[in-house]
Amino acid sequence: MPSVPELNPVDPPDLVPVRRALLSVSDKRGIVDFARGLAEQGVELISTGGTAKELEAAGLPVRAIDDFTGFPEIMDGRVKTLNPKLYAGLLAVRDNPEHQAALEEHGIEVVDLVCVNLYPFERTVARMNVSDRDAIENIDIGGPTMIRAAAKNHAYAAVVVKPESYDAILEELAQNDGALSFRTRQELAAQAFHDTARYDTAIARWFAERSDDHPPLLVRAYEKVTDLSYGENPHQRAAYYSAVGERRHLLSMVKQHHGKQLSFNNLLDLDSATALARDFDEPSCTIVKHNNPCGAATGATALDAYRAAFECDPLSAFGGVIAINREVDAELAQALHQQFIEVLYAPGYTDEALEILTQKQNIRILEDQERRRVPLGELQGRQVQGGILVQDRDTIVLDRDTMEVVTERQPTEQEWSDLLFAWRVCKHVKSNAIILAQGDRTVGIGAGQMSRVDSVRLALEKCRLDSVQGAVLASDAFFPFADGPALAIEAGVRAVIQPGGSIRDDEVIAAANADGVAMVMTRRRHFRH
């Protein structure tokens, strides 16, 4: 249970005896054993619907909720606990004389412990093609109300929302002669409010996502997946949280075979590497360093792709994060084993490959077992001081039919292939982004420069080929002047792809025509800040 700062509402008693408990759960894991443990300590059990049937079938004495409230369960169970007798019994301040008088006047019995978990709304709406009716029927009303009432009155009552808490509760009751401490009741209340907040968030999100617009109130909840070794720097604490309601996240269905604990920077780089890897159906390899690709390639095999990606910038690839979209076999593993790799991510590994790769102690080997697609409508957020910037993800992949050749010379078929490859990579590189490519592999990458011409210069400097003659260039945004493409053309680039839209497009096109270079305009920009 999470640790919370201790509060002291109206000087509550430290130990509160548990004499009567209400059990009403959707997730019935362990409920029979929990109820039996309560009954063995003399606790009276009250229950509802399916939970009551399960307890009775186990031979436990159970009092029906309608006997407690004097009102039957109606409307197919939609109304069963929504009754003032229950909520007065949960909310009464036990040392308040007026509350005690009201209890006696109306014949109300107090409830000391509520064990409730909620209808599986998240699991229901995560199913493919779920109907609105099924989704709405799985919006719990009575459950959250009971949880909140007991949590509010944790000075005198306890609330249990997770089967994982059952053993600890029974153990403490046994140690304290059937009573729970204030500290435990407070921690259970904190956990309960976290649970209902998450639940309401999932429902609000489901309604919000039925509209194409960004909602006026963006409601999100996040749950911790894992602590991280540290943040961007060793003096910063860090953890990874996944968004409640997402069908998949960065580490969903990811198995770590080997290596140290993942770090904050590992996950940032992994997010970039996997995003680029998803853009390719053919065997591909992406190598990311400091959140930028330093090499990307496709090939006839994953080994071919890795070798080509590594050759782009071997110096920067040292200590990189590598994403490969095919199973890693022994031959590929042997090639990878020659390098220092922080994180290796692939959809599978042969036994021989794992035997080779695990010879190095620190390489983090991740297996992607996630087969669900990334939702197309997923929003992308960036935290800023006191707020968050939200946008649609840049998922557009254009084909050549939507692009315009603006020069006298048309690209050759090979140039078209290289241009489209470079354009895919370009949107995953920090702006200002320049990609040099040849043969469906990057040969030079210029990233994150304040001047676009400096990015061109950097990409050319990074290129390890004897000559870039015949290479193509992609730019994530338009060239404001002709100096950028002129520098690349002078080095031997023969085709350029860029969004266009500069007031000096005519000068840029003229520079390409002057040297017989093909230029394609996409009319789409791919900034990545």
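Residues numbered from 1 in each chain as written. Predicted model: local features only at pLDDT ≥ 70, side-chain atom pairs only at ≥ 80, totals over all residues. Heavy atoms only, no water.

### A short note on the domain arrangement of the protein chain
For the protein chain, the assigned domains are domain 1 (15–209), domain 2 (246–368) and domain 3 (400–521). Inter-centroid distance (C-alpha atoms) of domain 1 to domain 2 is 47 Å. (Domains from an automatic or database assignment.)

### A few points about the sheet that holds strand β12 (residues 292–298)
Strand order in the open sheet formed by six strands is β10-β15-β14-β13-β11-β12, with mixed pairing between adjacent strands. Every other strand in the sheet has two partners, leaving β10 (254–258) and β12 as the edge strands with one partner each. Going across the sheet, the axis of each strand differs from the next one's by a mean of 20°, ignoring polarity. In this sheet, strand β13 (residues 320–324) lies alongside strand β11 (residues 284–289) in antiparallel orientation, the contact comprising four bridges. Paired with isoleucine 287 across the strands is isoleucine 322, a residue of β13. Packing against the sheet, helix α11 (residues 264–277) makes contact with β11, β12, β13, β14 (341–346) and β15 (364–368), and its axis sits at approximately 150° to β11. (Pairing = 2+ DSSP bridges. Helix = DSSP H or I, 4+ residues; strand = E, 2+ residues; numbered from the N terminus. Axes fitted to C-alpha atoms, helices over the stretch in contact; angles between N-to-C directions. Contact = heavy atoms within 4.5 Å.)

### Describing the pairing of β14
With five of six residues buried, β14 lies mostly within the body of the structure. For β13 and β14, the ladder comprises four bridges, and the chain directions are parallel. For valine 321, the partnering residue across the bridge sits in β14 and is valine 343. For the crossover that starts at β13, traverses helix α14 (residues 330–336) and ends in the parallel β14, the hand is right-handed. Where β14 meets β15, four bridges bridge the pair, whose relative direction is parallel. Residue pairing in the sheet places leucine 344 in a bridge with isoleucine 365 of β15. (Buried < 20%, exposed > 50% of the residue type's maximum accessible area, 1.4 Å probe, protein only. Right-handed = clockwise from strand over helix to strand, strands pointing away.)

### Digging into a nonpolar patch on the surface
A cluster of nonpolar residues, Leu218, Ile388 and Val390, forms a patch on the protein surface that exposes about 210 Å² of accessible area. Mapped onto the secondary structure, isoleucine 388 falls in strand β17 (residues 387–392). For isoleucine 388, a relative accessible area of 47% gives the class partly exposed. (Patch = residues over 30% accessible without salt bridge, like charges linked within 9 Å, V, L, I, M, F, W, Y side chains within 5 Å. Areas by Shrake-Rupley, 256 points an atom, 1.4 Å probe, with all protein chains shown as cover. Salt bridge = Lys/Arg side-chain N within 4 Å of Asp/Glu carboxyl O.)

### Some details on the packing of helix α4 (residues 84–91) against helix α8 (residues 142–152)
Where α4 meets α8, the axes come as close as 8 Å, and the angle between the chain directions of the two elements is 25°. By the angle between their axes, α4 is roughly parallel relative to α8. Facing Leu86, Tyr87, Leu90 and Leu91 of α4, the residues of α8 in contact are Gly142, Thr145, Met146, Ala149, Ala150 and Lys152. In terms of residue class, the contact of α4 with α8 is made up of seven nonpolar, two polar and one charged. (Parallel < 35°, antiparallel > 145°, perpendicular 65-115°, else oblique. Nonpolar A, V, L, I, M, F, W, Y, C, P; charged D, E, K, R; others polar.)

### Brief notes about a negative patch on the surface
On the surface, Asp304, Glu327, Asp329 and Glu331 cluster together to form a negatively charged patch. Topologically, glutamate 327 is positioned in the loop between β13 and α14. (Lys, Arg positive; Asp, Glu negative; His and termini not counted. Charge placed at Lys NZ, Arg CZ, Asp CG, Glu CD.)

### Focus: the pattern of salt bridges
For side chains of opposite charge, pairing can occur when their charged atoms come near one another. Taken as a whole and assessed by the stated rule, the structure comprises 25 salt bridges. For the salt bridge of arginine 63 with glutamate 109, the shortest nitrogen-to-oxygen distance reads 2.7 Å. Here glutamate 109 lies in the loop between α5 (97–106) and β5 (113–117) and arginine 63 lies in strand β4 (residues 63–64), a separation of 46 residues in the sequence. The salt bridge involving arginine 523 is made with glutamate 404; its shortest N-O contact spans 2.8 Å. With a gap of 119 residues between them, arginine 523 in the segment after β23 (518–521) and glutamate 404 in strand β18 (residues 404–405) connect regions that are remote in the sequence.

### Observations concerning the sheet that holds strand β22 (residues 495–498)
The six strands are arranged β18-β23-β22-β21-β19-β20 in an open sheet whose pairing can be described as mixed. Only two strands of the sheet have a single neighbouring strand rather than two, namely β18 and β20 (442–446). Both β18 and β23 contribute to a ladder of two bridges, which runs antiparallel. What sits directly across from glutamate 404, in β23, is methionine 521. This element, helix α16 (residues 413–426), spans β18, β19 (434–437), β20, β21 (472–475), β22 and β23 of the sheet and lies at about 30° to β21.

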